[in-house]
Structures are given as structure tokens and as C-alpha cells.
Number of protein chains: 6
Amino acid sequence: MADSRFRITELHDLPEDLRERVGEIARKSGFVPNIFRALGHRPAELRAFLDYHEALMDRPEGLTKAERELVVVATSGANHCTYCIVAHGAVLRIRSKDPHLADQVAANPWGAELDERSRAIADLALALARSPEQFGAADLAKARAAGLTDDEIWDVGAITALFAASNRLAHLTALQPNPEFYLMGRENQMK
Amino acid sequence: MADSRFRITELHDLPEDLRERVGEIARKSGFVPNIFRALGHRPAELRAFLDYHEALMDRPEGLTKAERELVVVATSGANHCTYCIVAHGAVLRIRSKDPHLADQVAANPWGAELDERSRAIADLALALARSPEQFGAADLAKARAAGLTDDEIWDVGAITALFAASNRLAHLTALQPNPEFYLMGRENQMK
Amino acid sequence: MADSRFRITELHDLPEDLRERVGEIARKSGFVPNIFRALGHRPAELRAFLDYHEALMDRPEGLTKAERELVVVATSGANHCTYCIVAHGAVLRIRSKDPHLADQVAANPWGAELDERSRAIADLALALARSPEQFGAADLAKARAAGLTDDEIWDVGAITALFAASNRLAHLTALQPNPEFYLMGRENQMK
Amino acid sequence: MADSRFRITELHDLPEDLRERVGEIARKSGFVPNIFRALGHRPAELRAFLDYHEALMDRPEGLTKAERELVVVATSGANHCTYCIVAHGAVLRIRSKDPHLADQVAANPWGAELDERSRAIADLALALARSPEQFGAADLAKARAAGLTDDEIWDVGAITALFAASNRLAHLTALQPNPEFYLMGRENQMK
Amino acid sequence: MADSRFRITELHDLPEDLRERVGEIARKSGFVPNIFRALGHRPAELRAFLDYHEALMDRPEGLTKAERELVVVATSGANHCTYCIVAHGAVLRIRSKDPHLADQVAANPWGAELDERSRAIADLALALARSPEQFGAADLAKARAAGLTDDEIWDVGAITALFAASNRLAHLTALQPNPEFYLMGRENQMK
Amino acid sequence: MADSRFRITELHDLPEDLRERVGEIARKSGFVPNIFRALGHRPAELRAFLDYHEALMDRPEGLTKAERELVVVATSGANHCTYCIVAHGAVLRIRSKDPHLADQVAANPWGAELDERSRAIADLALALARSPEQFGAADLAKARAAGLTDDEIWDVGAITALFAASNRLAHLTALQPNPEFYLMGRENQMK
């Protein structure tokens, strides 16, 4: 089972700026996430993808980091995207300090039992993810009723949009999650 | 988060025959799977459920035990059933000796990369699981072309049918997986 | 047109306990319903199926017998299951003493005009039958608002689950209704 | 349960030409089919509807009369239109001289076991009925491979189109089938 | 790219009454709309179609002419019917005196921003157009809450029904819009 | 009707680098496309979006510029995204020098009659756009059979992914097309 249907680019074959950026991620994770190996043969696209990802996932205001990952796992679950479920499920376990949340949200994003604010975030993301033509004022009203600000609503919507793209890149390439992701965030529970 | 939306019945409150059967399962697993606690207030239904489950999941001929769990995880993934994905995902990890297969099949049962026979089993199950009115000769022909016998096709179809019921019982009750299931079959990889 | 895609087992070829149970049904109906002839080559499965069916369809408390058949016909209509529509449609005509109800519910289970309680029962069943991942608190709230107790809600949900299985067994086998079913419950109207 | 959500017009209140035409139908059937009572308050629309219906359902060339009713029952089954299923189901029983065909096609138009030509007719109708945006060359090729001429294909398509309208008028009005329809074409079997 | 998959009939080959009626339309438009050329080989059907169209689209009471075209464009957008979107989009531009409305409604009939009455008209049409089996009292209640009378509701429903047929005839024939339609109603904006 | 549900940022309020880049686009078009005014309050996201867009839409190898716009209009049509249909429809008219193609593809991306290579491009995009979990080897095989190289397939897939995001940003913001787009590429035909 190849990591991608298309050509893989290893870290050392990336242009210098990307080698540095992806290398920094690899140092933190302990491995090069396969998404970067799969996108590497198109440096301009990888660069824009990284920038977009950072702008939305590392933004200091608005949603918390765990909430951002919740949006990712909910939409990736709805889109049946294996790579994003496994990789971002790992990050959600770490960010939320909850070893079960990611599996529950990925399995059934519509039904997972969440506190009111988290449920509103997931519902907003799901409304935009699968039938965007039906997205409208009613969805926004429910989000606002749960206390989400316009800035937070934008965060949810924009992350959902980015992962609509990201999920499809993973489906296009049949991208395989790195083995390390499967266990991240589960360990501390296992002593 | 309650384990079920309805009344829970603990092992010691079950009628004797069920206490023994479920007790035996609990001894093997180390805990009482929540499905039995959730169904326990209706002993006749639990008894029939256990019988049906044994008849199909412990049958010595036909599909292997891992293949039976593959059918369960594929259909439960398609039906977004959290309990069955987490609980039978654990069993599939153990039966298949593959720590990643269950997560891949649950995340995207249509797309998971499987060997030809396993793919044919999953495809047959999925055809019957979600749009049964479209199930027909073409689905059977594909299964037979992949070498499945009529006895094996029945196994796939009957297990899919049983978990169409089982998934819905879990959705009805908002059944929570026991915490132990999340890690089963992942451990040996974690030294 | 064969009665099933798979092997048929006649009454006299069933194991003794099943021959007796199915024989009893045949004596009452005047014929052996094809579902038993189609499942007979797997006695353990047929036994569990019969037990489950009796536990839910002959239960003295909770829903009335006509209401149980309403659940079956509504979900079988939504699942386009010919055998269950024709066979249980016959039983619904008899139990409800209404010669038109079954045809109306089978044709359009979402739209059939029913009294408030029956409509709530059908709606609950339909919510669980086709998109179980979306089933949730809102569906339960509507059922309770119509006066359904938790015990009755369980009945609706569990019967829907059993016929999710039953419908799929019928689709798997391309099960044909016995000719007798088409006219049962219509006759008294025809003098 | 009213026969229609909107105003009913009885035979004697129709304009003369319609009174004559509908009266002729009523003489043959023994009753005034409710569709005419429901459309009667808009004589120009009823007139056009009758003309369109006659042009397609009484056309002497092309499909046989039973095949025309097969198209109606298949698309009405797919559209869950109670009035058209019950009323045209009755006509199909009479035209096809088969007391079970209509119930089988209405219950599951995709799966009903039909001879090759009838199956091709039903498949063509269903392709156009529910996802017309996907209708295309592949559907026509299958119809031609089964021996349908362009004239017959037009018949199937045009009848499907007319009943796309007719089904929606029945859904709009919550049109009830006349009681007589339920039993028509079943009687000769009941001596 | 042929104008239709089936035989085209030119104006001079139509029976006299149709030649006159279609000729009249052609004189007003400056060309013979392709729908008449495509239906012309079946004069009885074309005659009924023209009658039905006139009864509903030229009716002096009830909906305004622009509102009738709104129903057509909304349902044709939902049905992805190129001919009806382009041809009736042109008429909607002219009737509404709004050069952008038709493109917005055709692109996303569910989301296009409309005044309350127009939104209610479009919503009612869409409810009936795509999942007629779910159409019911709730849809009617919303229409009435927005001030639509029963006569207007009938107009919306009947036009939706007629174009359910019309869209399918266009899909059947792969009907091409006349080139003139693409620009009608845009010109005055272009000086 | 506001241009966006969220805050609009005018050209002169953008950070200098964006003011320059968007200003350049505005000089060429004669106006500032609303997408940039709607994203401007989040400069880092707008910057990444512009980079991604340039990397894919201005790439000199692989698909032609008209083919890239075909992917955008097909997926935006399937997603019912008004802004992208109107804005990129205009660009497709210009790039393809065909004043009708964009309207046909937007109205019915599955059915629009295209040459074999264009049809394969649109089909590939549509397979990934709406049910990405079903995307697989069969879709790739059809694309390759029509002569698409892996580099071209990547282009189709990556543009589809980017516009999965872009469409959702437009749905999130209820983004209105600039009035100029409606007529671009139609004019030369109108003398």
C-alpha cells in the first residue's frame, strides 16, 4: 500500500524554504507527515497549503486550538477522509486531553455528545461541509444562539472550507496516515 | 454522558441464564460490554440478540473470524455507529492482527485499500447496508467473480443484516463504548 | 421467479423444534411463509430470528399489535422491501381492521395521514430506519410530545432495528411473498 | 381524511365538455376517480391534463397498454405517490392480467423481477424519474440494447415526465385513492 | 451538437393548428423555441403541452407573471435542466426587469436572497420538486405564514408539477436552448 | 443585499502587499472582485488563498487555462455556488471563446455535451467534488482512458479541492458576484 497514488517527495528533495518549514514540523512530531510528502512535488501548492493551514490552525484569537481540531475531525468524519481523521484525531486527542473524543466525533460527527458550544461548532461545520447549497441564515442563527461570535463563526467556516480542500487532496491521492498518528494521544492512558 | 439513553441493567440483575452468558463474555473481556447492560432490561430480546450474534459471529465454517469483523466494521462505519465501530474495531484489530485496518475501514469503508477478497466482502456488505432497495444481481455477480461462495455471501449478507439492527439499537440508545475498547489491540505496538 | 436466490428448506426438512414452531405458524396462516423456507438452511439463525420476532411482535405490554405492524410496514416501505410490505401489510390490515391503511403506509410512510399517536410512531421509526446517524434527541422529544412512553419508544426502535435486519435478509434473498398474503385482510370487503 | 387538501369539484359542477369526458370515464369505472374531482376547480388545467393523459396512455402504437402502466407504477413507486400507486396499480393488474405485478413494482421498482424488456422499460423510467440531471447516453444505450426503439423510448420518457407532474399534483393535494381502486384486478383470484 | 436526441420537426411541418400557435410564439420571440421543434413529431402531446403551459403561465389571476417564471427557474435549477434555465431565465429577466435574478436563482435556488414572498414561493416549489414524498403540512403552513393564498399555492404547485414534466422532456431529448435565449433581457444593461 | 454576510474590506484598507496584488487584478478586470473584498479582513488567509489560486489557475503546464476554468465551473455548478458560477463562468466564456459553454456546464455539469477530453475532465472533477469518499481507482482509470496524464489529473483534482474550499467560503459569506461578471464574454456576440 503506497503512501500516495502520486509521486512522493522526501524532505531532502524539497526546495530549501519548504525543507526548513516541513523539517521543523517533522522535528516536533518525530516524523514527516505524509501530506507533505504527497504535496511536495508541487512546491507552490504545498507552500500555499502550509500558509493557509498556519493562518487558520495557529491563529491566536477566536476558537481554541482544540476547537479548531474539532472542526477538522467533524468535517473529515463526514467526508470519510481517513488521513485527516487519523492525523487530526491524534492532534485532537492531545489538544483536548480527551483520549476518546476524536474517535467519537469521527465515527458520528452529527451525534457525538458534546457540550453546547462544541455541538454548535460541529453543527455549523457539518452544515457547510456536506450540502453547502443549503447553508444559510438558520445555521448562523443557531451558532449565534449558542454564543459564537462572528469571528468564531468565520473560523469554523474557513477551517471547514480548508479541509473540504484538504480532504479531497487526501481522497485524490489515497493518502495513508503515518503509523505514528494512530497511537498519539492514547499513550498516557495505557500505563 | 450516560452509557445509554435508557435504563442500564447490571450483570447481577440479569436473569440467571443471561448472567451466566454475559458473565462469561465479561470474564474474557475483563468488563461487561455496554451493549449487554443496555439491552438487559429486555431479557427476551437480549437472549435472541446473543443467539443471533453467536450464530453468525462464532460460526466455524464460511468467512474467517477476521472477515466477519470486517463486515461489522465496514457497515458500522457506513452507518456512523460509534459503539460498533469502537467495540468491533477492537475485535478486528485482534482478529486481523493489524492495528490500523479497523480505523481505515471505519473511516472510509468504500475506499479502504484491501486485498481483492476483502474488498469484495466489504463492497457486498456496503451495497446491502445503505441502499438495500438497489441490491441485486450485479452485486452478487461481483462477489462471485471475486471467488465468494454462496455460503460466504450469505454470511456477509446476514452479518450486514444483523448489524443493521445492532447499529440502530446503538443509535436508539446513544450507546457509549466501554473505555477499554478504545485501546484493545493497539497495545502490542506500543512498547 | 424463484422464492429465494438461495436454497429453500421445506417444513419437513427443518430440525424438529423449528418444524414444530414453523408448523404452528403454518397451521394458523394456512401456508408456510417464505421467510422461514428461505432461512431454514441456517437453523441457528432461523431460531434466533424467530425468538427475536416473538419477543418484539408478540410482547403483551407497550405498543398494540396493530402499532407494531405499523412500524414494520412503515420501515419496510421506506426500505422498499417487497416481502415485508406484502406479508406484514396483510397482518396490518387484519390487526388494524383497516383494509387501506397498509397500502397507504407502504406507498408513502412519510406522508400517510394518521392520527397523532400513529404519526409519531411512524416518524420515530422512519428517523431510525434510513439515516440512523442523524437520529437524536429531537426525534425522541417529538415522540414524547405525542405521549409515547420510554417503553413504547423502545418498542418502536427495537422493531425498526429488527426489520432493518429482516428487510435486508429479504433483499439479500430476493424473497418472494407467498401469493396468499396479497389478499389477506381484503376479503371481507369484497362481498 | 379529506379526498384533497383543496376544493373538490363534483361531476355535475364541471363545465359541459369536462362533465362529458369525465362522465364517460366514470361510467366505465363505476365511479369518478378522485384526481378529476381534485383538478376540477381549474377546468383549463384539467382539460390539458386529460388531453396529455389520453395522448400518452391511449396511444395505439409503441408500448403496450400494460407497459405504459408499468412505467406509471414504477415511477409512482419511486416517488412514493399513494394515489398513483393505488389507482394505476389497479389498472396494471387488469392490463397485465397479473394480480401481483403492481404490488411488486410499487414496493421496489428497482428490484422487481421482470422479463428483460420490462426491466429495461422500468430502468429507463427510473433513471429519468429521480435524478434527471444524471440521465444520459448510457441509459439510452441500455434501453436500445434491450431492443427498445426510439419511438418506444419516447413513450417511456414522456409517460415518466407526465407522471412526474401527476405524482406532484397528488402530493400537493394529498390526494386519496377512491376505495374501489384497492381491490380492482384482484377479484378473479378470490373465488 | 444536435438540438435534440430525437427527430426535429420544423414549423412548416406541423399540423395547421400547431403551425399557427407556434408560429405566433415565433413571431413574438423572433425564433421557434427548440422545445416546440423537439415535441413536434408528437402533435397530440405538443398540443396538450401548449394548453397546459398556457393555462398555468398565462393565467391572469394568482401569481404575477414574474412569480410564475421564478417557480420555473427555481425548479429547473434544482433539476439541473439547461434548456429551461436558459429559456425561462431569459423570460424571468424580462418579466422581473432584473438582469441578475435568474442567474442567481438558477445557480442556487435554495440560497438566492429574495424578498419574503418570493422566498416562500421558491421554497414551496423546491419542497415539491425534489423530494415530493416529504411534501406536507409543514410546507403549506410556511407558505401560508408568508401570506400565500390557497389559489397562489395551487399555482406554485401546479407550475412545479408541469415543469417536473417539462424538465424531464428536456433531459430525455438533451434539448439545446436556442442561442437567442442566452442574451435576452441582458441587453438594455449593455449600452 | 450586502456583498457579504461579514465585514467588507476595500482595496485601500488592505495591507500593502495585498493592495498591490489585488490592485493589479482590479486594473485588469476594471473592478475589485468581491471575493477579495470579503476575505480582506483576514489578510493571512487572503494571501494564502491568492497564492493557492495562482499556483493552480496560472500554472503554465498541464491543463489549458480554459480547462482549468471548466473544472471550476463544473464543480461550482454541482455545489450551487452562485459567486463562482457567475465569476468563473465569465472567465470560462473568455478563455474558451464560447459564449454558451459556461451556462451549459453550470446548469448541468453532469450532462453538458463536451468533447471527450473535456467530458473526462469534468467527470473527474465531479466525482471528487460531491462524494469524495467514493472517489477511487475507477475514476482514475476513466480519466486515463481519455488520455489524461497524471500531471493533468493532479491539476483537475487540486483545482476541484481548491474550489471545494472557495465555494464554501462563498456560501459562508453569501458572497454576491460583482455585476460586471454577468455580462463579461457575452458582448462580442451582441453587435
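Conventions and cut-offs
- Residues numbered from 1 in each chain as written.
- Chains lettered and ligands numbered in written order.
- Predicted model: local features only at pLDDT ≥ 70, side-chain atom pairs only at ≥ 80, totals over all residues.
- Heavy atoms only, no water.
- pLDDT = per-residue confidence, 0-100.
- Phe/Tyr/Trp six-rings, centres within 6.5 Å; stacked < 30°, edge-to-face > 60°.
- Helix = DSSP H or I, 4+ residues; strand = E, 2+ residues; numbered from the N terminus.
- Buried < 20%, exposed > 50% of the residue type's maximum accessible area, 1.4 Å probe, protein only.
- Least-squares fit on C-alpha atoms with pLDDT ≥ 70 in both.
- Contact = heavy atoms within 4.5 Å.
- Buried area = accessible area lost by both parts, 1.4 Å probe.
- Salt bridge = Lys/Arg side-chain N within 4 Å of Asp/Glu carboxyl O.
- Polar contact = N/O pair within 3.5 Å; in protein donor to acceptor, adjacent residues only side chain to side chain.
- Nonpolar A, V, L, I, M, F, W, Y, C, P; charged D, E, K, R; others polar.
- Axes fitted to C-alpha atoms, helices over the stretch in contact; angles between N-to-C directions.
- Parallel < 35°, antiparallel > 145°, perpendicular 65-115°, else oblique.
- Left-handed = near helix turned anticlockwise from the far one by under 90°.

1. Examining the confidence of the model for chain A
Phase 1 of the analysis: With 98% of its residues at a pLDDT of at least 70, chain A reaches an overall mean of 96.
Phase 2 of the analysis: Scoring the predicted complex yields pTM 0.97 and, for the interface, ipTM 0.97.

2. Topic: the packing of aromatic side chains
In this description, an aromatic ring pair is defined by two values, namely the gap between the centres and the angle between the planes.
Residues and elements named next belong to chain C.
Phase 1 of the analysis: Evaluation of the coordinates by the stated rule reveals 18 aromatic pairs over all chains.
Phase 2 of the analysis: Measuring from ring centre to ring centre gives 4.9 Å for Phe-31 and Phe-181, while their planes differ by 85 degrees; the resulting arrangement is edge-to-face. Within this pair, whereas Phe-31 is found in the loop between helix H1 (16-29) and helix H2 (34-39), its partner Phe-181 is found in the segment after helix H9 (150-173), the two being separated by 150 residues in sequence. As far as burial versus exposure is concerned, Phe-31 and Phe-181 are alike and both buried.

3. Section: the relation of the copies chain F and chain A
Phase 1 of the analysis: Once turned by 180 degrees and shifted 0.0 Å along the axis, chain F lies on chain A with an RMSD of 0.0 Å. The transformation relating the two chain copies, once decomposed into turn and shift, fits a two-fold axis.
Phase 2 of the analysis: Residue by residue, 100% of the interface of chain F is reproduced at the interface of chain A, so both copies engage with the same surface.

4. A word on the interface of chain F and chain A
Phase 1 of the analysis: Taken together, the contact pairs 42 residues of chain F with 42 residues of chain A.
Phase 2 of the analysis: Regarding the contact of chain F and chain A, the summed buried area is about 3800 Å², with carbon and sulfur atoms giving 67% of it.
Phase 3 of the analysis: Broken down residue by residue, the surface that chain F buries against chain A is led by Tyr-52, Trp-154 and Arg-168 of chain F, which jointly contribute 22%.
Phase 4 of the analysis: The interface formed by chain F and chain A includes 6 salt bridges.
Phase 5 of the analysis: Taking the shortest distance from any N to any O, the salt bridge between Arg-42 of chain F and Asp-155 of chain A comes out at 2.8 Å.
Phase 6 of the analysis: There are 14 residue pairs in polar contact (both at pLDDT 80 or more) connecting chain F and chain A.
Phase 7 of the analysis: Listed by contribution, the elements that provide at least two residues to the side of chain F that touches chain A are helix H2 (34-39), helix H3 (43-57), helix H7 (116-130), helix H8 (137-145) and helix H9 (150-173) of chain F.
Phase 8 of the analysis: For the side of chain F that touches chain A, the element with the most residues is H9 of chain F, which contributes 16 residues.
Phase 9 of the analysis: The residue makeup of the side of chain F that touches chain A, split by class, is 24 nonpolar, 7 polar and 11 charged.

5. Let's talk about the side chain of Arg-59 of chain A
Phase 1 of the analysis: By secondary structure assignment, the location of Arg-59 of chain A is in the loop between helix H3 (43-57) and helix H4 (65-78).
Phase 2 of the analysis: Residue class for Arg-59 of chain A comes out buried when judged on its relative accessible area of 13%.
Phase 3 of the analysis: A polar contact of 3.4 Å, which involves the side chain of Arg-59 of chain A, links it to the side chain of Glu-61 of chain A.
Phase 4 of the analysis: Looking at Arg-59 of chain A, its side chain comes within polar contact range of the side chain of Asp-155 of chain A, at 3.2 Å.
Phase 5 of the analysis: Beyond its immediate chain neighbours, meaning those up to four positions away, Arg-59 of chain A contacts Glu-54, Arg-68, Asp-151 and Asp-155 of chain A together with Arg-42 and Glu-45 of chain F.

6. Re the packing of helix H1 (residues 16-29) of chain D against helix H3 (residues 43-57) of chain D
Residues and elements named next belong to chain D.
Phase 1 of the analysis: Between H1 and H3, the least distance of the axes is 11 Å, while the angle of their chain directions is 45 degrees. Considering the angle they form, H1 stands oblique to H3. In this structure, H1 crosses over H3, and the sense of that crossing is left-handed. Every residue of H3 that contacts H1 at Asp-17, Leu-18, Arg-21, Val-22 and Ile-25 is listed here: Pro-43, Leu-46, Arg-47, Leu-50, Asp-51 and Glu-54.
Phase 2 of the analysis: Within the contact of H1 with H3, the residues separate by chemical class into 6 nonpolar, no polar and 5 charged.

7. Some thoughts on the packing of helix H4 (residues 65-78) of chain F against H9 of chain F
Relative placement of two packed helices is described by the angle separating their axes and the distance separating the axes.
Residue and element names in this part refer to chain F.
Phase 1 of the analysis: Direction vectors running N to C along H4 and H9 enclose 45 degrees, while the axes themselves pass 9 Å from each other. Accordingly, the angle class assigned to the pair H4 and H9 is oblique. As H4 packs across H9, the resulting crossing turns out to be right-handed. Side by side, H4 and H9 meet where Arg-68, Val-71, Val-72, Thr-75 and Ser-76 of the first sit next to Asp-155, Val-156, Ile-159, Thr-160, Phe-163 and Asn-167 of the second.
Phase 2 of the analysis: Residues belonging to the contact of H4 with H9 are distributed by class as follows: 5 nonpolar, 4 polar and 2 charged.

8. Details of the environment of Arg-144 of chain A
Residues and elements named next belong to chain A.
Phase 1 of the analysis: Assignment of secondary structure puts Arg-144 in helix H8 (residues 137-145).
Phase 2 of the analysis: By relative accessible area, which is 39% here, Arg-144 ends up partly exposed.
Phase 3 of the analysis: For the pair Arg-144 and Ala-87, spaced 57 residues apart in the sequence, the C-alpha separation amounts to 30 Å.
Phase 4 of the analysis: Apart from residues no more than four positions distant in its own chain, Arg-144 is found in contact with Asp-150 and Ile-153.

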